[in-house]
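Report on the structure
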Amino acid sequence: MEMCYDEPEREVISLNLTKIRYFVEVARCGNFTEASRRLYTAQPNVSKQISQMEQELDFPLFIRTKRSVQLTPAGQLLYEKLKELPQELEDLFAQARALARKDEAHLQIGILEGQEVSSLLLTRLNLVQALIPNLEVELERNSFKNLRSGLSNGHYDLIVTLDFDVENEPDFQHCRICPQPPAIAINGNHPLAGKERLEMSQLQKENFVVISPQESPAGYERFVEQCEKTGFTPRVVRQPRSLESLILLVEMGIGIALLDQNTRLSPDSNVRTVPIPGADMYVVAAYGKNDYRPLLQKVLHILEHGEP
């Protein structure tokens, strides 16, 4: 007599990417408040997503205290297996989108945040549209790190940024658009702001704010080198992760910054910017090392030379 056994029915778990992304960020931060800040959403929303995820899994992911959260053993296992998944999927989707539009007359251009789009760049972008009228151009502002990442994973076809941030990237090429001399940015109420001339040597005892080395390793290194060339090691009090945050810190008087002269601080009456003589810096258009699409190369030529 043949015996038949029914296999036990497997429980179906349907977790969406949002829940996984929120879980990974809370686990990484160990704090709901910090995770919600990094996710650009409200803390109750993060808590709700995590609670729903725990209900669907039918086991707790975190041990909660008043000030922090700790992963349970099961949560730790999931975190180790899932922590790279959100970024990997985001990169994969971006690459797929880029591949899907390779033959289209479409370019996604990333522009560094905090920058005033200069008249020269605007003129050349307008020339691009005039010379290639069927080309659809999308512009998007982003941070140093996100621009580099977006160019690497195919989200951007090219990025407009500062030369130091891409010149040592082995997978990128770049062309110069225009010079962009660096400058000292100092709050207008600072005692040194009233001096007729301001030089780096006068700043050795001052507090500095500088872009985080995680955001722009080359930018941080260039800042330190600039100070050491003048004969001092800078006293860094804040390392924000975005140019916008850096600008706000200067406006608040938290510290002095070294910026390019094309930041939105230039017309700010509360902040004085003073050019640093002899220091070269350029606005560049960076693109993938092996991207030789005729359309892209034509656009790059116009941006670099301002002519067909």
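Located above this text is the structure these notes cover.
Small disclaimer: the values here were computed from a predicted structure and weren't measured.

Turning our eyes to something else, we now look at the sheet that holds strand 7 (residues 182–187). With antiparallel pairing, three strands are arranged side by side in an open sheet as 10-7-11. Looking at the sheet topology across the chains shown, the edges are occupied by strand 10 (257–260) and strand 11 (271–275). On average, adjacent strands in this sheet sit at an angle of 35° to one another, irrespective of strand direction. With five bridges joining them, strand 7 and strand 11 adopt antiparallel strand pairing. Within strand 11, the position partnered with Ile-184 by the bridge is Val-274.

This next bit is on the sheet that holds strand 6 (residues 172–179). Read across the open sheet, the five strands follow the order 4-3-5-12-6; overall the sheet is mixed. Across the chains shown, the open sheet's two edge strands, defined by having one partner strand only, are strand 4 (136–142) and strand 6. This sheet shows a mean twist of 25° between the axes of neighbouring strands, independent of strand direction. Running at roughly 150° to strand 5 (residues 158–162), helix 7 (residues 144–152) makes contact with strand 3 (106–112), strand 4, strand 5, strand 6 and strand 12 (282–288) of the sheet.

This part covers the pairing of strand 9 (residues 235–238). As defined by bridge partners, strand 8 (residues 207–209) adjoins strand 9 across three bridges and the pair is classed as parallel. Each bridged residue has a counterpart across the sheet, and for Phe-208 the counterpart in strand 9 is Val-236. Tracing the backbone out of strand 8, into helix 8 (residues 217–230) and back to the parallel element strand 9 gives a crossover that is right-handed.

Along the chain, the position of Gln-43 falls in helix 3 (residues 43–57). Residue classification places Gln-43 among the partly exposed positions, given a relative accessible area of 34%. As for Gln-43 and Phe-32, which are separated by 11 residues in sequence, their C-alpha atoms are 6.3 Å apart. Polar contacts involving the side chain of Gln-43 include one to the side chain of Thr-33, which spans 2.9 Å.

The rules we used
Residues numbered from 1 in each chain as written. Predicted model: local features only at pLDDT ≥ 70, side-chain atom pairs only at ≥ 80, totals over all residues. Heavy atoms only, no water. Pairing = 2+ DSSP bridges. Helix = DSSP H or I, 4+ residues; strand = E, 2+ residues; numbered from the N terminus. Axes fitted to C-alpha atoms, helices over the stretch in contact; angles between N-to-C directions. Contact = heavy atoms within 4.5 Å. Right-handed = clockwise from strand over helix to strand, strands pointing away. Buried < 20%, exposed > 50% of the residue type's maximum accessible area, 1.4 Å probe, protein only. Polar contact = N/O pair within 3.5 Å; in protein donor to acceptor, adjacent residues only side chain to side chain.

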